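# Structural characterization, general
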Amino acid sequence: MRANSLTVLYADKTRLRADLLALGRKARAAARELMLLSPEAKAEALRASARAIRAALPPILEANAADVNEARGSGQNEAFIDRLLLTPERVEGIAKSVEDIADLPDPVGAVTAEWTRPNGLKISRVRTPLGVIGVIFESRPNVTADAGALCLKAGNAVILRTGSGALRSAIELVKAMQAGLASKGMPDGAIQLVPVADREAVGLMLSGLDGAIDVIVPRGGKSLVARVQAEARVPVFAHLDGNNHLYVHEKADLEMARKVLLNSKLRRTGVCGAAETLLVDQACAGTHLAPLVKALLDSDCAVRGDEAAQAVDPRVTPASEEDWSTEYLDRIIAVKVVEGLDDAIRHVETYGSHHTDAIITADDAAAARFLAEVDSAIVLHNASTQFADGGEFGFGAEIGIATGRMHARGPVGVEQLTSFKYVVKGEGTIRP
């Protein structure tokens, strides 16, 4: 492959196709071996990968510095830079996440149900790997390791394709992981990366690489996910944008609301779990709206509000219709006063992305209605939206937050990266 320049396009598209098909064949062969490995073998291989990531800290940071410098030079905003940036502490966090995944219960072979029929047949439903997973993601280096480790833990081979912004970082991370896997005898092709930024590679992966890829997991912005959903010829676990809401109900404690709001919005603005809209109940707006808006503004968060929000502080700018549907991934939030619980639910369902939404209230009945009626992958009561993370759910890590309704929904961890088969045992049993 022409890897001397990370942004160059293949001059020969036939060669690109041939190279991607070769990745697919290696992944399919690896998947056949991985599905038979013991839990101990996979766990030890992942621990070796974590050690290899730590050992490769200098080249990983050097590659990331080049990615970050290029991003700054091209005018990317600070939220993008924050998602892209690696530090020694973040690399350690990546290695620790791989170890956490290694320590998770192995899902493969787990019996999820079993029963005996009147004719004596014993039937069980058993978890199995999906096979080969294609993960297409934008400039988040940590996803490289998380996705690779999660797929391997679930007995799958994986082909990773990242955006050009994080390609140098991803190459070094995958190199380290492959070295760790090889030291424990893992099959070549277990974790692979498309090492060029040619966008046509995405189309080839979406085609399934002549049957090599069993499922695609996209993680990125609307344009990426829209393309994947429109073009994919294999099943997709869709990770849509996180236009997340925090609703402050009339029975909300003000100090709790302030604490959760600032964490939801500002802990890390560039993650998909960040809150993008604050809804305040009309019944408590007189006491809660002004201090909540002030807390945001005093924390250098721009506020785009409706007329009520604008009235409490001159620094608030008018919100447009588009603001209610926007995932800012920046220090910006939309604020609106709603006329009670029904209006809040209606707003979330109209403008939200079915990702993560939260209610702050001391009223358990109101919370129960919100949790039941808001049709999002993750709904929270009196907790920050930034808990929308597989690690925080005890999954070790996640590939993404699936917002669809089929197979996987919410954080996609090792369990969601398996399918199942039915094992039926008889004693010469025949059907009359």
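All figures in this text were calculated on a predicted structure; none of them were measured in a lab. (Residues numbered from 1 in each chain as written. Predicted model: local features only at pLDDT ≥ 70, side-chain atom pairs only at ≥ 80, totals over all residues. Heavy atoms only, no water.)

On to the sheet that holds strand β10 (residues 317-318). Taken in spatial order, the seven strands make up an open sheet running β10-β9-β11-β8-β7-β12-β13, and their pairing is parallel. At either margin of the open sheet sits one strand with a lone partner, and together these are β10 and β13 (378-381). One ladder, built from five bridges, connects strand β7 (residues 244-248) with strand β8 (residues 275-281); its direction is parallel. When the bridges of β8 are listed, His 245 appears paired with Thr 277. (Pairing = 2+ DSSP bridges. Helix = DSSP H or I, 4+ residues; strand = E, 2+ residues; numbered from the N terminus.)

Moving on, we get to the sheet that holds strand β6 (residues 215-219). The strand order β5-β4-β3-β6 describes an open sheet built from four strands, whose pairing is parallel. Looking at the sheet topology across the chains shown, the edges are occupied by β5 (191-193) and β6. For this sheet, the mean inter-axis angle between neighbouring strands, taken without regard to orientation, is 20°. When strand β3 (residues 132-137) meets β6, the two strands line up parallel, connected through five bridges. Looking across to β6, one finds that Gly 134 is bridged to Ile 216. The strands touched by helix α1 (residues 13-34) within the sheet are β3, β4 (157-162) and β5, with β4 carrying the most contacts at an inclination of about 145°. (Axes fitted to C-alpha atoms, helices over the stretch in contact; angles between N-to-C directions. Contact = heavy atoms within 4.5 Å.)

It is worth spelling out the pattern of salt bridges at this point. Following the criterion strictly, the structure yields 30 salt bridges and no others. We note a salt bridge from Asp 188 to Lys 26, for which the minimum N-O separation is 3.2 Å. A residue pair is termed long-range when its members are at least 10 positions apart, and Asp 188 in the loop between α7 (167-183) and β5 and Lys 26 in helix α1 qualify at 162 residues. The partner of Asp 375 in a salt bridge is Arg 409, and the shortest N-O contact between them spans 3.2 Å. Taken together, the residues span a long stretch of sequence, with Asp 375 in the loop between α14 (364-373) and β13 and Arg 409 in the loop between β14 (401-402) and β15 (410-411) at a distance of 34 residues. Arg 409 sits in the partly exposed class, given a relative accessible area of 30%. (Salt bridge = Lys/Arg side-chain N within 4 Å of Asp/Glu carboxyl O. Buried < 20%, exposed > 50% of the residue type's maximum accessible area, 1.4 Å probe, protein only.)

On to the pairing of strand β11 (residues 332-338), then. When you tally the buried positions in β11, you get six out of seven residues, the bulk of the element. In this sheet, β11 lies alongside strand β9 (residues 302-305) in parallel orientation, the contact comprising four bridges. By the bridge assignment, Ala 302 is partnered in β11 with Ile 332.

Although it is not a glycine, Asp 300 sits at a positive phi angle of roughly 65°. Within the secondary structure, Asp 300 is located in the loop between α11 (285-298) and β9. A relative accessible area of 63% places Asp 300 in the exposed class.

Along β13, the buried face is formed by Ile 378 and Leu 380; none of Val 379 and His 381, which line the opposite face, is buried. Following the backbone out of strand β12 (residues 356-360), through α14 and into the adjacent parallel β13, one traces a crossover that is right-handed. (Right-handed = clockwise from strand over helix to strand, strands pointing away.)

Contact geometry of helix α13 (residues 341-351) with α14 gives a least axis separation of 11 Å together with a crossing angle of 20°. In this view, α13 runs roughly parallel relative to α14, as classed from their interaxial angle. When you trace α13 past α14, the crossing you get is right-handed. Touching Leu 341, Asp 342, Ile 345 and Glu 349 of α13 are Ala 366, Arg 369, Phe 370 and Glu 373, all from α14. Taken together, the residues that form the contact of α13 with α14 break down as four nonpolar, no polar and four charged. (Parallel < 35°, antiparallel > 145°, perpendicular 65-115°, else oblique. Left-handed = near helix turned anticlockwise from the far one by under 90°. Nonpolar A, V, L, I, M, F, W, Y, C, P; charged D, E, K, R; others polar.)

Below, the discussion takes up helix α3 (residues 57-73). An ideal rise of 1.5 Å per residue puts 24 Å on 17 residues; α3 measures up with 24 Å between its terminal C-alpha atoms. Along α3, the positions that sit buried rather than exposed are Ile 60, Ala 63, Asn 64, Asp 67, Val 68 and Ala 71. Buried residues in α3, looked at end-on, bunch into an arc of 140°, giving them a common side. In this structure, α3 carries Pro 58, Glu 62, Asn 69 and Gly 73 as exposed residues pointing more than 90 degrees from its buried face. Looking at the buried residues of α3, the elements they touch are α2 (39-55), α4 (78-84), α5 (88-103), α6 (141-153) and α7. Following α3 by one or two positions, Gly 75 adopts a phi angle in the positive range, close to 85°. (Expected span 1.5 Å × (residues − 1). Arc of directions from axis to C-beta.)

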